[in-house]
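Understanding the architecture of this molecule
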2 protein chains.
Amino acid sequence: MSEVVLFDYWRSSASYRVRIALNLAGITYRPVIVDLVNGAHRAPDHLERNPQGLVPVLDIDGVRLTQSLAIIDYLDETRDLGLLPTDPAKRAAARALAHSIAVDIHPVCNLSVAKHATALSNGAGDMPGDWMRHFIRPGLLAFESLLGGFDQSPFCTGDTPGLADICLIPQLYNAHRWEVDLTDMPRLLAVEAVCAEHSAFAAAHPDLHAPL
Amino acid sequence: MSEVVLFDYWRSSASYRVRIALNLAGITYRPVIVDLVNGAHRAPDHLERNPQGLVPVLDIDGVRLTQSLAIIDYLDETRDLGLLPTDPAKRAAARALAHSIAVDIHPVCNLSVAKHATALSNGAGDMPGDWMRHFIRPGLLAFESLLGGFDQSPFCTGDTPGLADICLIPQLYNAHRWEVDLTDMPRLLAVEAVCAEHSAFAAAHPDLHAPL
């Protein structure tokens, strides 16, 4: 079996998701840090790995994969992780819940997007924090509301970790970082507490993956 | 069989994707227009359908689905549309290609995001057009580069329409609207030409779904 290599950045939500999924699969991997702050993602060696210049990139099973959601689906399909229900309608609902974060909050709050908005704002307000809060809080309130459609026991969509949990926890890390008020989101906070005690989530935490 | 209802908006890329997928599945549906420009997506009746206040929402098979990518996966799984390869690694690559648009370009250029950036920019430059072009052109250049990893014949990932085509065509509609230069993206333009001749794509075009 070929070595598994994760091109990773500690604070990237998308990398954090893949770290969680790799841990859930029990896959040992070698992390290679791509320092987004120093622009290493725009260097030729990383653009050759991924023309989008994004992390994560995962080398596994002799192939190179990009895009966190596609990588997680791959791990789910090849390692039978049970991250989504098998019933198509329930599966679609669980995917939609996850995408309400992974598609509608996270990309808009990507560092490069927030930086561009900050540059355009010409020093107005408290940027990029205002940008982050403008999108994260309403997005998570919608997530909290969507959670009402699931039997939450104790994870977002059931009694084992699923795709929605994998997307939620990194987004909450960001929400705390930008001081988003979450006090009126009890269901989401209950999931956070359960995941914090789960080894696959705990071992993926950014603090454990920051450069020394 | 229950009536299929699509809560739709003609210029929404996400709705446009679902219209294409419904056409590929040969499913007749009743469209209900949710006028994003008049704020109908923020009205209580639509928030009850989808707490995110987004289109599309699809009523089908007795369930209500949200999030275009989740809906398309549902249609693919229940109607056997063959939108993704069956091999897991190829499947992940095709998903990643689609997500390079659906996750990394489209949400950032969502009307509400571009409007917020425009408000912050306080009249600087040509907004929201500058915002759109700043993200769409580099994003599509990366897509063009990623296409090099696929046998394009004649669709993005093979000889039948797939998820990447369904995401690409609505994004190109937007690119044209915002006058993004695409002349150095020949592969992508070749896919566009083929899709324009395909009835499922042609019948989903926004011009055919605009309010009278």
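The name given to chain A in an unreviewed UniProt entry is Maleylacetoacetate isomerase, with Ruegeria conchae as the source organism.

**Structural notes on the relation of the copies chain A and chain B**
With an RMSD of 0.0 Å, the operation that places chain A on chain B is a rotation of 180 degrees combined with a shift of 0.0 Å along the axis. Taken together, these values place the two copies in the relation of a two-fold axis. Most of the interface of chain A is mirrored in chain B, where 100% of its interface residues again form contacts.

**Structural notes on helix α3 (residues 68-79) of chain A**
Residues and elements named next belong to chain A. For α3, spanning twelve residues, the distance from its first C-alpha to its last is 16 Å, which sits close to the expected 16 Å at 1.5 Å a residue. With respect to burial, α3 is a largely interior element, nine of its twelve residues being buried. Here α3 has its buried residues at Ser68, Leu69, Ala70, Ile71, Ile72, Asp73, Tyr74, Leu75 and Asp76. Backbone geometry just downstream of α3 places Asp80 in the positive-phi region, at approximately 55 degrees.

**Some thoughts on unusual backbone geometry**
Leaving glycine aside, a negative phi is the common case for residues, and trans is the common case for peptide bonds. Following Val55 of chain A, the chain continues to Pro56 of chain A via a peptide bond in cis, the omega torsion being 0 degrees. Tracing the backbone shows Pro56 of chain A in the loop between α2 (44-49) and β3 (57-60). The omega torsion of the bond from Met127 of chain A to Pro128 of chain A falls at 5 degrees, within 30 degrees of zero and hence cis. By the secondary structure assignment, Pro128 of chain A is in the loop between α5 (111-121) and α6 (129-147). Unlike most non-glycine residues, Asp80 of chain A shows phi in positive territory, near 55 degrees. For Asp80 of chain A, the location among the structural elements is in the loop between α3 and α4 (88-102). Phi is positive for Glu179 of chain B, close to 55 degrees, though the residue is something other than glycine. Considering the arrangement of structural elements, one finds Glu179 of chain B in the loop between α7 (163-177) and α8 (186-196).

**Quick word on the sheet that holds strand β4 (residues 63-66) of chain B**
Residue and element names in this part refer to chain B. Spatial ordering of the open sheet is given by β2-β1-β3-β4, a layout of four strands whose pairing is mixed. The two strands at the open ends of the sheet, each matched to only one other strand, are β2 (30-33) and β4. Neighbouring strand axes in the sheet, compared pairwise and without regard to direction, differ in orientation by 20 degrees on average. Relative to strand β3 (residues 57-60), strand β1 (residues 5-8) is paired through three bridges, and the arrangement is antiparallel. Counterpart to Phe7 in the pairing with β3 is Val57. Where helix α1 (residues 13-25) meets the sheet, it contacts β1 and β3, and its direction lies at approximately 155 degrees from that of β1. Sitting on the sheet, helix α3 (residues 68-79) is in contact with β3 and β4, with an inclination near 130 degrees to β4.

Conventions and cut-offs
- Residues numbered from 1 in each chain as written.
- Chains lettered and ligands numbered in written order.
- Predicted model: local features only at pLDDT ≥ 70, side-chain atom pairs only at ≥ 80, totals over all residues.
- Heavy atoms only, no water.
- Least-squares fit on C-alpha atoms with pLDDT ≥ 70 in both.
- Contact = heavy atoms within 4.5 Å.
- Helix = DSSP H or I, 4+ residues; strand = E, 2+ residues; numbered from the N terminus.
- Expected span 1.5 Å × (residues − 1).
- Buried < 20%, exposed > 50% of the residue type's maximum accessible area, 1.4 Å probe, protein only.
- Pairing = 2+ DSSP bridges.
- Axes fitted to C-alpha atoms, helices over the stretch in contact; angles between N-to-C directions.

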